Amino acid sequence: MAFPRDRKAMDKNLLVKTIQTMNQHLPSKRLRLTDLLEMDKPGIRGKDNTFFVMDRAELELISQSAPRFMWSRLRLPMLIEMSPDLGSGAARVQGEVEGEVVCKILGKERPAGKQTIIYLPEVRELRRKLPTTTQYAFVANLRNDLED
Amino acid sequence: MPVLRLPKFGKPVKYAYITGRVRAMKTKLIPAEMYPRMMSMEMAEIARYLEETQYKDEIDALSKDYSGTELIEHATFANLAKTFRKLAEVSIDEPAFLILEYLRRWDVWNIKTLLRGKHYGASETEIMKYLVPAGELSAEHLDELAKKETVQDIISAFDGTDYASALAQYDGKNLAPLENALDKLYYFRMERSVGGTLSVGGGLLLKYVRREIDIRNLITLFRMNKAGVDAAIIQENLIPGGKLHDELSRMAGQPFGEFLRGLEGYPFWSSISDIATADVDAISRIEARLKAYLIRYAWALSNYHPLSILPVLGYMVSKETEVANIRKIVRGKEAGLPAELIEEQVVVA
Amino acid sequence: MAVIRGTKPTRAVLIALKRRMKVAQTGHSLLKMKRDGLMIEFFEVLNKAKTVRKELVESLLKAEQRLHMAMAIEGTVAINSVAYSLQKEPAIQLESRNIMGVVVPKITADAVQKKMYERGYGIIGTSSAIDEAAESYETLVDKIILAAEVETALIRLVEDIDSTKRRVNALEFKVIPDIKDTIKFIGMALEEMERDNVVKLKMLKGKSQRRVAEEEAKKEAAKAAEAAARASA
């Protein structure tokens, strides 16, 4: 196999492309809970242009789990980030409000800081309770991995 | 509502003959203990058993064209029509008049069947299978009507009769208002004509008819209250008249539990108290019990007045129930329904 | 050992390959995560599908029983007529839900459950058996819609799990081992060349030493010859 000069860039592009396809379903901009609650038919459009609905009952559940002043800071769908950095048994939820909601729903103590780590059984439970207002996102740290 | 012209009966009415006939016919009814046995029989066995009863002629006559369920369904309706016609033929004067008034319910049934059949384009033979010429409309007349093309043709065939006003309710799409109007008309007529006769028997029949209206309304309340329908709509579906009409119409639209509590203390309560709970799954079970109650009521009344229209009425109600029971068992068996389910629906007084 | 064909065993290629290895491993673990996530979703839906199927069969049986009862009481003409009287047909709305790029349908139906007086038959003259038949068929339609939703989701998920799994396996059992092997091969080839060089150097060194020794010996010999000549002379 020939190795062209820009091999480094090409390998990186390949990975970027893969991650992009894997996250194709995510919306380019997440919507605020307050806006979603006002919508006639709550839902959001993904980057692949598919519209997906959000269940009103779930939105209610979320709004019960977070104090009112946080509603405008909470953006949906919440992202369950899966990354090779964390290993295969864990996922991460970023953001203070999101962490608050997730922990409240899972019934666990919220760790301090901006990110919350949840483990696979919890992911399963979270997805069972909030199937339309959470999404998986795949994240990889390209810089660390590729610079040697 | 149409104005009724009632006949006048001058002479004191003789019931001895007709009640004697009915007493003899009553012994031929299928005894209650036969129903569980029929449920464990094969279809052919049931047909054979029915051949040993009053259904023999019909089974014999029809068995060359039909078999199985079809044969039995056909034979039972044919026998019902024949029996009732005979009753009307052998009676005179007031009993004849009262019997015919009662049998008009089969006219209503036939008119409904004709309209329903035409409504969805059923074939003539299909419709004729369900016609029971037991009332005023003769078999020939009904056959003629069954040959008509559309619902509208049948409705115009009844122009000038008492049914015209009820049939005018047809809106071209939905038969429901028309069906309700026909039933209401039947009971209206019944109450008027029976109440119009001044004999003791007429008064007693009126007592029964009022009870029947109450029970029918009660069934409607059970059905619609359970489904949570608005009071105003339920009240439209109640038959006017009846002894308890005011009390029952107040129950319309009540929450089911409250409605049930309100029924305690009525004479029919004891016959449904064990199954009428808030979580009852099938109103038809309650309906079967209430119908059984009605038959018992008719016979109880007739015991006090053996020489009146009441034994005849008791017989007619029992006969209708018997036919319905046979049909339920046969249909149920054919569909492979579990015996308990059929048993719940069979009405045993 | 499956070495990528046409690879030149050079140090530059080795570095490129090592970089590639990291990309492949990152991709692999990401895809594995996706697969695990899909599996979670799949079992979730599978459980639902099982119960929905069971309920579907149950309500179908019940509906048939009720229908037969109603037919026995009212006659088939009445039942058929009721069936044809339906004014409002249930409208189905298709929406979608997205699980990791797998689009699964979300079906909602309007007007399946009808009010009793909207079904097109007179209440007074009919038996409650007909209500029960109609009701149980309405429940059945609801269950069918739910089953359609859940089972379609199941099929879509299986398809996606399958293709993700293929990619994971390709990476795990082909791409990554190949790169590993090639790296090993290049490493060995480079070591081999190293050893070659050492030997060559050693030989060169030996040769030059010998030449030096010879020259010295010659010099010595010449010197000795000179000295001998001088002595004899």
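Report on the accompanying structure. Predicted model only: the values in this text are computed from it and were never measured.

It is worth spelling out helix α3 (residues 128-232) of chain C at this point. All names here are of chain C. Compared with the 156 Å implied by 1.5 Å per residue over 105 residues, the 150 Å span of α3 between its first and last C-alpha is a close match. Along α3, the helix axis deviates most sharply at Leu171, where the bend reaches about 40 degrees. Capping of α3 at its N-terminal end is provided by Ser127; its side-chain oxygen lies 2.8 Å from the backbone amide nitrogen of Ala129.

In this complex, chain C contributes 32 residues to the contact, which on the side of chain B involves 42 residues. Carbon and sulfur atoms supply 60% of the area that chain C and chain B bury against each other, a total of about 3400 Å² over both sides. Our count for the contact surface shared by chain C and chain B stands at one salt bridge. One salt bridge in this structure joins Arg223 of chain B and Asp131 of chain C, with 2.4 Å as the shortest N-O distance. Considering every element that reaches the side of chain C that touches chain B, the biggest residue donor is helix α1 (residues 11-74) of chain C, with eight residues. Here the residues of the side of chain C that touches chain B are counted per class, giving 14 nonpolar, 14 polar and four charged.

The next thing to look at is the environment of Glu33 of chain B. All names here are of chain B. With respect to the helices and strands, Glu33 occurs in the loop between α1 (16-26) and α2 (34-39). On the basis of relative accessible area, Glu33 is assigned to the exposed category, the value being 56%. Spatially, the C-alpha atom of Glu33 lies 37 Å from that of Ser193, the residues being 160 residues apart in sequence.

Empty pockets left among the atoms are what a rolling probe the size of a water molecule brings to light. By the definition in use, this model includes four cavities of 30 Å³ or more. Roughly 850 Å³ of internal volume is contained in the largest cavity. Considering the residues around the largest cavity, the lining is formed by 36 residues, among which Arg105, Trp106, Arg216, Lys291 and Glu320 of chain B are closest to the centre. It is helix α18 (residues 309-334) of chain B that provides the largest number of residues to the lining of the largest cavity, a total of eight residues. Broken down by class, the residue content of the lining of the largest cavity amounts to 20 nonpolar, five polar and eleven charged. Space inside the second largest cavity adds up to approximately 70 Å³. Residue lining of the second largest cavity: Ser284, Glu287, Ala288, Lys291, Lys328, Gln345 and Val347 of chain B together with Ile73, Ser127 and Ala129 of chain C, and that is the complete set. At four residues, helix α17 (residues 283-304) of chain B tops the list of elements feeding residues into the lining of the second largest cavity.

Bringing the packing of α17 of chain B against α3 of chain C into the picture now. Contact pair α17 of chain B / α3 of chain C: the axes reach a minimum separation of 8 Å and the direction vectors enclose 170 degrees. On the basis of their axis angle, the class for α17 of chain B and α3 of chain C is roughly antiparallel. Residues Ile283, Ser284 and Glu287 of chain B of α17 of chain B lie in contact with α3 of chain C, whose contacting residues are Ser128, Ala129 and Glu132 of chain C. By residue class, the composition of the contact of α17 of chain B with α3 of chain C is two nonpolar, two polar and two charged.

All right, on to the interface of chain A and chain C then. In this complex, chain A contributes 36 residues to the contact, which on the side of chain C involves 34 residues. Interface area, chain A with chain C, both sides summed: about 3300 Å², of which 63% is carbon and sulfur. Along the contact surface separating chain A from chain C lie three salt bridges. Across the pair Arg128 of chain A and Glu44 of chain C runs a salt bridge, and its minimum N-O distance is 2.6 Å.

Criteria and thresholds
Residues numbered from 1 in each chain as written. Chains lettered and ligands numbered in written order. Predicted model: local features only at pLDDT ≥ 70, side-chain atom pairs only at ≥ 80, totals over all residues. Heavy atoms only, no water. Helix = DSSP H or I, 4+ residues; strand = E, 2+ residues; numbered from the N terminus. Expected span 1.5 Å × (residues − 1). Bend = angle between axes of the 7 residues up to and from the residue. Polar contact = N/O pair within 3.5 Å; in protein donor to acceptor, adjacent residues only side chain to side chain. Contact = heavy atoms within 4.5 Å. Buried area = accessible area lost by both parts, 1.4 Å probe. Salt bridge = Lys/Arg side-chain N within 4 Å of Asp/Glu carboxyl O. Nonpolar A, V, L, I, M, F, W, Y, C, P; charged D, E, K, R; others polar. Buried < 20%, exposed > 50% of the residue type's maximum accessible area, 1.4 Å probe, protein only. 1 Å grid on protein atoms, 1.4 Å probe; cavity = no way out; pocket = protein on both sides within 12 Å on 5 of 7 lines; lining within 4 Å. Points joined across faces, edges and corners; volume = space filled by probe spheres on them. Axes fitted to C-alpha atoms, helices over the stretch in contact; angles between N-to-C directions. Parallel < 35°, antiparallel > 145°, perpendicular 65-115°, else oblique.

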